[in-house]
Amino acid sequence: MPNTAAALDLLLLPTWLVPVEPAGVVLKDHALGIRDGRIVFIGPRSAALKLNASEVRELPDILLSPGLINAHGHAAMTLFRGLADDLPLMTWLENHIWPAEAKWVDEEFVRDGTDLAIAEQIKGGITCFSDMYFFPKVATERVHKSGIRAQIAIPILDFPIPGASTADEAIRQGIELFGDLKHHDRIKVTFGPHAPYTVGDENLEKIRVIAEELDASIHMHVHETAFEVQQSIEQRGERPLARLARLGLLGPRFQAVHMTQISEEDLALLVESNTSVIHCPESNLKLASGFCPVERLWQAGVNVAVGTDGSASNNDLDLLGETRTAALLAKAVAGSATALDAHRALRMATLNGARALGIEAEVGSLELGKAADMVAFDLSGLAQQPVYDPVSQLIYATGRDSVKHLWVAGQQLLDDRRLTRLDEQQLIATAKAWGQRISGRNES
Ligand SMILES: CSC[C@H]1O[C@@H](n2cnc3c(O)ncnc32)[C@H](O)[C@@H]1O
Ligand SMILES: [Zn+2]
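From a predicted model like this one, the values you see are computed outputs, not experimental measurements.

## So, the overall build of the protein chain
A count of helical and extended segments in the protein chain gives 16 helices and 17 strands. Scaling as 2.2 N^0.38, a compact globule of 444 residues should have a C-alpha radius of gyration of about 22 Å, and the protein chain matches this with 21 Å. When its C-alpha atoms are laid out on the principal axes, the protein chain stretches across 65 × 50 × 45 Å. Across the 444 residues that make up the protein chain, the buried fraction comes to 59%. The contacts in the protein chain between residues at least 6 apart in sequence include a share of 73% that link residues at least 24 apart. When the accessible surface of the protein chain is split by element, carbon and sulfur atoms take 50% of a total near 17,200 Å². Of note, the protein chain has its 41 positive side-chain charges centred 4 Å away from the centre of its 58 negative side-chain charges.

## Let's talk about empty space enclosed by the protein
Evaluated as defined, the whole model comprises one cavity of 30 Å³ or more. Roughly 40 Å³ of volume is contained in the largest cavity. Considering the residues around the largest cavity, the lining is formed by Asn70, His72, Gly73, His74, Ala75, Ala117, Gln121, Phe129, Ser130, Asp309 and Leu317. Of all elements in the fold, only helix H3 (107-123) and strand S7 (126-132) reach the threshold of two or more residues within the lining of the largest cavity. Residues of the lining of the largest cavity, tallied by class, amount to four nonpolar, six polar and one charged.

## Some points on the UniProt feature "binding site: substrate" (unreviewed entry) in the protein chain
Listed under "binding site: substrate" (unreviewed entry) in the UniProt record, and renumbered for this structure, are Glu101, His194, Glu224 and Asp309. Lining the largest cavity, from the residues just named, are Asp309. Mapped onto the secondary structure, Glu224 falls in the loop between strand S10 (218-222) and helix H7 (226-236). For Glu224, a relative accessible area of 3% corresponds to the buried category. Beyond its immediate stretch of four places on either side in the chain, Glu224 contacts Leu89, Tyr197, His258, Thr260, Asn284, Leu287, Ser289 and Asp309. Owing to a relative accessible area of 5%, Asp309 belongs among the buried residues under this scheme. The residues touching Asp309, leaving out its near neighbours within four places in the chain, are His72, Gly73, His74, His221, Glu224, His258, Cys280, Ser283 and Leu317.

## What to know about the pattern of salt bridges
Two side chains that carry opposite charge are able to pair once their charged atoms sit near each other. Tallied over the full model, the rule gives 28 salt bridges. Residue Asp201 pairs with Arg243 through a salt bridge whose shortest N-O separation is 2.6 Å. In this pair, Asp201 sits in helix H6 (residues 201-214) while Arg243 sits in helix H8 (residues 240-246), placing the two residues 42 residues apart along the sequence. Judged by relative accessible area, Arg243 falls into the buried class, the value being 1%. When the shortest N-O distance is used, the salt bridge between Asp201 and Arg246 registers 3.4 Å. Of this pair, Asp201 sits in helix H6 while Arg246 sits in helix H8, and the two are 45 residues apart along the sequence.

## Quick word on the coordination of the zinc ion (ligand 2)
Geometry sets the ideal angles at a metal, namely 109.5 degrees for four tetrahedral donors and 90 or 180 degrees for six octahedral donors. Coordination sphere of the zinc ion (ligand 2), protein contribution only: His72 (NE2), His74 (NE2), His221 (NE2) and Asp309 (OD), at 2.0 to 2.2 Å. Each of the four donor atoms around the zinc ion (ligand 2) contributes to a set of angles spanning 88 to 167°, which defines the coordination as irregular. In primary sequence terms, the donor set of the zinc ion (ligand 2) follows H-x1-H-x146-H-x87-D. Highlighted residues: His74 in the loop between strand S6 (68-70) and helix H2 (89-104) and Asp309 in the loop between strand S13 (304-306) and helix H12 (319-334), separated in sequence by 235 residues. A single burial state applies to His74 and to Asp309, both of which are buried.

## What about the nonpolar core?
Counting 112 residues, the largest nonpolar core has Phe80 and Phe109 as its most contacted members. Dropping the residues within four chain positions of it, Phe109 is found in contact with Ala76, Leu79, Phe80, Trp104, Thr114, Tyr133, Trp434 and Ile438. In this structure, Leu12, Leu32, Leu59 and Ala376 belong to the second largest nonpolar core, which totals 15 residues.

## Observations concerning the UniProt feature "domain: Amidohydrolase-related" (unreviewed entry) in the protein chain
Under the local residue numbering, the UniProt record ascribes the feature "domain: Amidohydrolase-related" (unreviewed entry) to residues 64-412. Helix makes up 43% of residues 64-412 and strand 17%, whereas the separation of the span's terminal C-alpha atoms amounts to 14 Å.

## Observations regarding the side chain of Ser65
Structurally, Ser65 is set in strand S5 (residues 56-66). A relative accessible area of 0% means that Ser65 is categorised as buried. Apart from the residues lying within four places of it in its own chain, the contact partners of Ser65 are Val18, Leu366, Asp373, Met374, Val375 and Phe377.

## Observations concerning unusual backbone geometry
Omega for the bond connecting Asn314 with Asn315 falls within 30 degrees of zero, at 10°, which places this linkage in the cis form. With respect to the secondary-structure elements, Asn315 resides in the loop between S13 and H12. Residue Pro386 is bonded to the preceding Gln385 through a cis peptide linkage, with omega at -15°. Its place among the elements puts Pro386 in the loop between strand S14 (374-378) and helix H15 (390-397). In this structure, Met259 is a non-glycine residue whose phi angle is positive, near 45°.

## Digging into the site of ligand 1
Taken together, 18 residues form the shell around ligand 1, and within it Trp98, Glu101, His194, Glu224 and Asp309 come nearest. The contact in question runs from a nitrogen atom of ligand 1 to an N or O atom on the side chain of His194, over 2.8 Å. One nitrogen or oxygen atom from the side chain of Glu224 is found 2.7 Å from a nitrogen atom belonging to ligand 1. Out of a free accessible area of 450 Å², ligand 1 has 100% covered by protein chains. Ranked by residues supplied to the shell around ligand 1, first place goes to H2 with six residues. Across the shell around ligand 1, the residue classes tally to eleven nonpolar, four polar and three charged.

Reading the values: rules and limits
Residues numbered from 1 in each chain as written. Chains lettered and ligands numbered in written order. Predicted model: local features only at pLDDT ≥ 70, side-chain atom pairs only at ≥ 80, totals over all residues. Heavy atoms only, no water. Helix = DSSP H or I, 4+ residues; strand = E, 2+ residues; numbered from the N terminus. Rg over C-alpha atoms; globule rule 2.2 N^0.38 Å. Buried < 20%, exposed > 50% of the residue type's maximum accessible area, 1.4 Å probe, protein only. Contact = heavy atoms within 4.5 Å. Areas by Shrake-Rupley, 256 points an atom, 1.4 Å probe, with all protein chains shown as cover. Lys, Arg positive; Asp, Glu negative; His and termini not counted. Charge placed at Lys NZ, Arg CZ, Asp CG, Glu CD. 1 Å grid on protein atoms, 1.4 Å probe; cavity = no way out; pocket = protein on both sides within 12 Å on 5 of 7 lines; lining within 4 Å. Points joined across faces, edges and corners; volume = space filled by probe spheres on them. Nonpolar A, V, L, I, M, F, W, Y, C, P; charged D, E, K, R; others polar. UniProt positions renumbered as here; feature names shortened; annotations may be inferred. Salt bridge = Lys/Arg side-chain N within 4 Å of Asp/Glu carboxyl O. Donors = N, O, S within 2.8 Å, 3.2 Å for Na, K, Ca; no water. Tetrahedral: all angles 85-135°; square planar, octahedral: opposite > 155°, others 65-115°. Core = buried A, V, L, I, M, F, W, Y, C linked by side-chain atoms within 4.5 Å. Near = heavy atom within 4 Å. Polar contact = N/O pair within 3.5 Å; in protein donor to acceptor, adjacent residues only side chain to side chain.

This is the structure in structure tokens:
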């Protein structure tokens, strides 16, 4: 039980406090207290003002919510933003992205691209992101240094990738990194078989056994397009999700990214296995991959989180914008304006993300004992007036530029829109230099 008699490190007094759990609650004239990186007080402002705190911050016109969780992405692909647009998935991957990755991706690329992604995400209200990219050890180092929280999925494909010449080598690296970071308070290592069409049964079975032994999660692109499902039926006689179920991969530790194609049998498999789905609406729209039926999944009891995917297929890491897209698209797909209302959309971008990544006990909602991962949205602007329901205003009328402050485990990483641990101008200069190298142009 948190001890409120001892001094707080920080007491926040926002206009609106949205804990996400309990669902649908908006607390007015309430305060939140932090000690040692954890939430130790949530209560009325009047009671809070009697507490002893090292720092007290009035936050007028601020909506304080749990930090956003970007449940799927490829962080370093920020450096490929806008490189190949307006193409379907397989043309985009096979003719443009994979050749560019073979040419450019090394440890330096991943270092600089991941730093850029971390900065963009912090400025957009994201306190935790999931990453699936090459040289994952480098990504963990950038996450550690920056103060953000992350799930790092070890990329595994049947063919050579930057940093691992075989799937066995990638798996070995993953086991080692998992062991090294087992006790890290902000980084969780998982296994990331790329997709059903790039990883065969033999390697999937190896991954299942190792994930079971380590109690690790598995993060994978699944049913991204109708083509993927059709090709699997033609070549293997079964749908990819059914194949994963037969191989024993589905379960509460499995994260199925995309899922734009869902038959009744697929839905039953997701429900009975308690598998999480990670919805990436803007990537699916841009690559014309299909539509994930979020409301249908939600009503069936499937945990649905939200992700941006990489910057080369989105082309931003704006999870607030992504959540708005998800809310609007859910209504169109369900043919119902009541689908994915604003409060459920915020839950999808916070607590459901934490549940999908297996870190729900630690983050995802503002509850006593959880880590203080929080974002302060400024609703004082012209476009936010008047405020009837601050959560509606946040989801439907607010952009990521309204993110004013952000904390991870009580550490402030964004203060009045200024990054506290990263040099924004330096990041911009470095990204520009990569753009010039990759495009072969030498602009200033
Ligand atoms: C396993 S490392 C990541 C690998 O995935 C590629 N990628 C990026 N976005 C997508 C997507 O939407 N579907 C499938 N693969 C994707 C990325 O370029 C890397 O090669
Ligand atoms: Zn992806």
